Amino acid sequence: SRVVVLVDMDCFYAQVEQRDKPDLWGKPVGVLQYSANGQSGLIAVSYEARPFGVKRGMTAKQCKELCPDIEICLVPQGEFADKADIQKYRDASAEVFAVLGSVDPRIILERASVDEAFLDCTVYVESRVNGEDREETIQRLLHPDSLPTSFVVDGEEEEKNEDGVEGNVEDVNEKTREKMKNERKELRRRTKVEEFIQKCRCDDECLKIALAAEFTERLREKVKEKTQFYCSAGVGNNKMMAKLVCAAHKPRKQSFVPPGGEMDVLRGTSISSIRGLGGKQGNALMERLRINTMGELSSLSSSVLSSLFPSQVDWLMKLARGDDDEPVKARTTQISIAVGKNFPGKMAISTTKEARHWLDGLTKELGKRLADDKVKNRRMAQNIVVHLTTDVSTSRTVRVGAADEKEERLLEKLWPVMLSLRKGSGEDMWHPPIFNISLSAGRFLEGLPSKEKSIMGWMERRTKQLEEMEVSGPVEILSGDVATDEKERLEREEIGEGQEEKDDEEVTMFLLLIFFFNRIRRHNKLMLYVEVIPKGVEGMMEEDDDCLILEEEDEEPGTSTSRPFHRAALLQINESQFELDDEGWQIFPMSSAIPSSVPSEVDEASRGTESRCSIDEKSRGSEGGGRR
Ligand code: DCP
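Predicted, not measured: the structure shown is a model, and the values here were computed from it.

Engineer: Run through the overall build of the protein chain, naming residues and quoting values.
Structural biologist: Helix and strand content of the protein chain: 20 helices and 22 strands. Across the 628 residues that make up the protein chain, the buried fraction comes to 47%. At a minimum sequence separation of 6, the contacts of the protein chain that also span at least 24 residues come to 69%. When the accessible surface of the protein chain is summed, it comes to about 30,700 Å², and 49% of that surface belongs to carbon and sulfur atoms.

Pasting the structure below:
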């Protein structure tokens, strides 16, 4: 049978905040998502805050009452549509997935959510079962360091899991009791693990699970080492069991189901704890069949089930036995990228102008995320579903292509579709009022047009080189009036007058800049300093070029301007010093962006004097004045 692992980050957003502000490690922390309509609530709660009764969904006031020392971190506000910006949590998630995806090529990795991944370890453990000296393996697994945070979940009554982190218990006796209880728990844990390992001597299925548990312990250590984040895990023979037992011991622990013990685990498990049965479906089962546990479900006959849930009988009977065929699908990206906004109660949208305003904001946010995704995952969405909730739920699918990448184009494409969902006939009013707008991009087509691929490929190689060099000061990757200096080297591309080619170019430059912004976000180390790049400037490169040539398009070939029009340099400065201009893809350094030492360092490092002066002058010129 298969061996599937679910890795789930502990209180993920709270850990991202704790890593950002290391003083917060070990303290009660809540992450609050603020919303302009006053409906703010906690979306993540650190384990230190949980013993106080602090829960997701509570307001800041409610959790302060329960836990006065709690630190509340606010989710940053986004640029568009008055929405939260969860990019930093997505970036942290990408770091985790980079580690999970780098461990062994025999493992299939599926991104299940921002902080959860399934790993199919079957091929990996099978090759090890066959290749290892069994007695040696058993001895290694029996060593206390081998499975230090692993629990056997076999359906036997456990002492209640007390969230694992001590609260502020003042009473010494209370502390001693707590300590003794933890020691008892640890002894029980180790005894059970040892008993299980002994079984591995003559049972390959057990050995496979044990090897997967050992692998998962190391994997979690690696995630911690590389990202500072703690996670928990579940190991079982399928997705359902892995997910179920992952929740049995959290945080910073992992659990596994002994082969054949699935039904023992499920017997007392509530139906709503099962993957896929947590929502409406599970409720319908419990209400209509008047049952609560998976044990009760397994005792029902197929005729009883088929009378109420005819199309799901086979699936339900399998689940009740602990069978789940769903494969782990190799995927580290999201299936769809969605943005949305609720307008509850009186906030409901009732005018066409408001509707257009919000669609505009959401389109900008979606456009930004798609551009980001395109660079990271080398793919492009083919569909966008526009979804409106009024008195009913309606949606329309719009087909999109490369030409629609610019936000204005996208908006012009989405707006008529949204209008078509309006029922009222009045020009200005929107009837019935809108309670939710969401846009979901999907049906991704893998791969990018070759021109964009080459630019991004080059940028990646160059950035990697610079990272490997452990650059400590600013590094100039390009300077000088290339239109003159490099003219002979460049083969001008024929660019027609048509709008499409022009748009292509802009998209290319836009991508290039977005790419660097991603780098900056990720490493907060290397960044691209780009002065005004006018429209019609194009990046060109050959495979082996060691610098990117930005060239201005001329109306007449051969009369290229000698005016230095651009410079780019990789500098090691702080992200907050930069600002993305809202007019498009131009990026302007803020007045404080270029530390006074930078121009001289660029000066020493570079060869083209003219441009160095310009960087110097321009950055000085912008001092005090913000954006130019
Ligand atoms: N999240 C959110 N809104 C929700 C639920 C979760 O924004 N309604 C975010 C915040 C969480 C992250 O997703 O940190 C992961 O969600 P989980 O359900 O996995 O919960 P946590 O990781 O916070 O805690 P746990 O350790 O219990 O899994």
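Engineer: How would you sum up the packing of helix α14 (residues 352–377) against helix α15 (residues 407–420)? Please name residues and give values.
Structural biologist: Running from N to C, α14 and α15 point in directions that differ by 135°, and their axes come no closer than 10 Å. Comparing the axis directions of α14 and α15 gives the class oblique. Crossing hand, α14 versus α15: right-handed. Counting all contacts with α14, which are made through Thr 352, Ala 355, Arg 356, Leu 359, Asp 360, Thr 363 and Lys 364, the residues of α15 involved are Glu 407, Leu 410, Leu 411, Glu 412, Leu 414, Trp 415, Met 418 and Leu 419. Of the residues assigned to the contact of α14 with α15, the class counts are eight nonpolar, two polar and five charged.

Engineer: Can you tell me about the sheet that holds strand β5 (residues 108–113), naming the residues and giving the values?
Structural biologist: Strand pairing in a sheet is mediated by backbone hydrogen bonds. Such pairs are either parallel or antiparallel. Reading across the sheet, the six strands line up as β5-β6-β1-β8-β9-β7 and stay open at both edges, with mixed pairing between neighbours. Whereas interior strands pair on both sides, the edge strands pair on one side only; in this sheet they are β5 and β7 (150–152). Neighbour-to-neighbour, the strand axes of this sheet turn through a mean angle of 20°, independent of strand direction. Lying on the sheet, helix α3 (residues 87–100) is in contact with β1 (4–9), β5 and β6 (116–120); it crosses β5 at an angle near 160°.

Engineer: So, the packing of aromatic side chains: which residues are in play, and what are the values?
Structural biologist: In the structure shown here, the tally under the stated rule is eight aromatic pairs. Every member of this aromatic cluster is reached through a ring pair, and the members are Phe 12, Tyr 13, Tyr 89 and Phe 229. It is Arg 189 that lies over the ring of Phe 151; its NZ or CZ is 5.8 Å from the centre. For the cation-ring pair, Arg 288 lies above Phe 309, with the distance from its terminal atom to the ring centre recorded as 5.2 Å.

Engineer: I'd love a proper account of the pattern of salt bridges, names of residues and values included.
Structural biologist: The full count for this structure, using the stated rule, is 34 salt bridges. Ionic pairing is found between Arg 19 and Glu 95, a salt bridge with its closest N-O pair at 2.9 Å. In this pair, Arg 19 is assigned in helix α1 (residues 12–20) and Glu 95 in helix α3, connecting sequence segments 76 residues apart. One connected set of salt bridges, linked through shared partners, spans Glu 110, Lys 239, Arg 275, Glu 326, Lys 329 and Arg 331.

Engineer: Give a description of helix α10 (residues 280–289) that names residues and reports values.
Structural biologist: When we look at burial in α10, the residues that qualify are Gly 282, Leu 285, Met 286 and Leu 289. Each buried residue of α10 sits inside an arc of 95° when the element is viewed along its axis, so together they form one side. Exposed positions of α10 whose direction lies more than 90 degrees from the buried face are Lys 280 and Glu 287. On the buried face of α10, the contacting elements are α11 (294–298), α12 (302–308) and α13 (313–321).

Engineer: Talk me through the nonpolar core; I want residue IDs and the actual numbers.
Structural biologist: Side chains of nonpolar character tend, in soluble globular proteins, to be buried together. Within the largest apolar cluster, 54 residues are counted, with the highest numbers of intra-cluster contacts made by Phe 12, Leu 100, Leu 119, Phe 196 and Ile 197. Considering every element that reaches this core, the biggest residue donor is helix α7 (residues 204–227), with ten residues. With residues near it in sequence (within four places) discarded, Leu 100 still touches Leu 109, Ala 117, Leu 219 and Val 223. Membership of the second largest hydrophobic core comes to 29 residues, among which are Leu 362, Leu 410, Leu 414 and Ala 441.

Engineer: Please set out the sheet that holds strand β4 (residues 71–74) residue by residue, giving values where relevant.
Structural biologist: Pairing within the open sheet is mixed, and its three strands lie in the order β3-β2-β4. Bordering the open sheet on either side are β3 (41–45) and β4, each of which pairs with just one other strand. The mean inter-strand angle of the sheet, taken between neighbouring strand axes irrespective of direction, is 35°. Summarising the sheet, strand β2 (residues 29–33) and β4 pair through four bridges and their orientation is parallel. Each bridged residue has a counterpart across the sheet, and for Val 31 the counterpart in β4 is Cys 73. Lying on the sheet, α1 is in contact with β2, β3 and β4; it crosses β2 at an angle near 110°.

Engineer: How would you sum up the pairing of strand β8 (residues 231–236)? Please name residues and give values.
Structural biologist: Along β8, six of the six residues are buried, which leaves the element largely enclosed by surrounding structure. Neither face of β8 is left uncovered, since the one carrying Cys 231, Ala 233 and Val 235 and the one carrying Ser 232, Gly 234 and Gly 236 both have all their residues buried. Pairing between β1 and β8: six bridges, direction antiparallel. Its bridge partner lying in β8, Leu 6 is registered against Gly 234. With three bridges joining them, β8 and strand β9 (residues 254–256) adopt parallel strand pairing. Its bridge partner being in β9, Gly 234 is matched across the sheet by Ser 255.

Engineer: Would you mind going over the site of the ligand in detail, with residue names and values included?
Structural biologist: Neighbouring the ligand are 13 residues, the closest being Cys 11, Tyr 13, Tyr 47, Arg 56 and Lys 250. Separating an oxygen atom of the ligand from a side-chain N or O atom of Arg 50 is a distance of 3.2 Å. A total of 550 Å² of accessible area belongs to the ligand in isolation, and the protein chains cover 70% of it. Of all the secondary structure elements, the ones that give two or more residues to the shell around the ligand are β1, α1 and β3. Counted by class, the shell around the ligand contains seven nonpolar, no polar and six charged residues.

Engineer: Could you give an account of the environment of Arg 275, naming the residues involved and the relevant values?
Structural biologist: Here Arg 275 lies in the loop between α9 (262–267) and α10. Using a relative accessible area of 29% as the deciding quantity, one classes Arg 275 as partly exposed. Excluding its chain neighbours within four sequence positions, the residues that come into contact with Arg 275 are Phe 118, Lys 239, Lys 243, Asp 324 and Glu 326. In terms of polar contacts, Arg 275 uses its side chain to reach the side chain of Glu 326, at 3.1 Å.

Engineer: A description of the pairing of strand β13 (residues 393–399) should follow, citing residues and the corresponding values.
Structural biologist: As paired strands, strand β12 (residues 379–389) and β13 are joined by seven bridges and run antiparallel to one another. Looking at β13, one finds that Asn 383 is bridged to Arg 399. Where β12 folds back on β13, the antiparallel hairpin that results is connected by three residues.

Engineer: Kindly report on unusual backbone geometry, identifying the contributing residues and their values.
Structural biologist: Of the consecutive residues Lys 250 and Pro 251, the connecting peptide bond is found in the cis state with omega at -5°. Structurally, Pro 251 is set in the loop between α8 (239–246) and β9. Of note, the amide linkage connecting His 431 to Pro 432 takes the cis form, showing an omega dihedral of -10°. Topologically, Pro 432 is positioned in strand β14 (residues 429–434). In this structure, Gln 228 takes a positive phi of about 75° despite not being glycine. Tracing the chain through its elements places Gln 228 in the loop between α7 and β8. Residue classification places Gln 228 among the partly exposed positions, given a relative accessible area of 39%. For Arg 290, which is not glycine, the phi torsion reads 55° and is therefore positive.

Rules used throughout
Residues numbered from 1 in each chain as written. Predicted model: local features only at pLDDT ≥ 70, side-chain atom pairs only at ≥ 80, totals over all residues. Heavy atoms only, no water. Helix = DSSP H or I, 4+ residues; strand = E, 2+ residues; numbered from the N terminus. Buried < 20%, exposed > 50% of the residue type's maximum accessible area, 1.4 Å probe, protein only. Contact = heavy atoms within 4.5 Å. Areas by Shrake-Rupley, 256 points an atom, 1.4 Å probe, with all protein chains shown as cover. Axes fitted to C-alpha atoms, helices over the stretch in contact; angles between N-to-C directions. Parallel < 35°, antiparallel > 145°, perpendicular 65-115°, else oblique. Left-handed = near helix turned anticlockwise from the far one by under 90°. Nonpolar A, V, L, I, M, F, W, Y, C, P; charged D, E, K, R; others polar. Pairing = 2+ DSSP bridges. Phe/Tyr/Trp six-rings, centres within 6.5 Å; stacked < 30°, edge-to-face > 60°. Lys NZ or Arg CZ within 6 Å of the ring centre and 35° of its normal. Salt bridge = Lys/Arg side-chain N within 4 Å of Asp/Glu carboxyl O. Arc of directions from axis to C-beta. Core = buried A, V, L, I, M, F, W, Y, C linked by side-chain atoms within 4.5 Å. Near = heavy atom within 4 Å. Polar contact = N/O pair within 3.5 Å; in protein donor to acceptor, adjacent residues only side chain to side chain.

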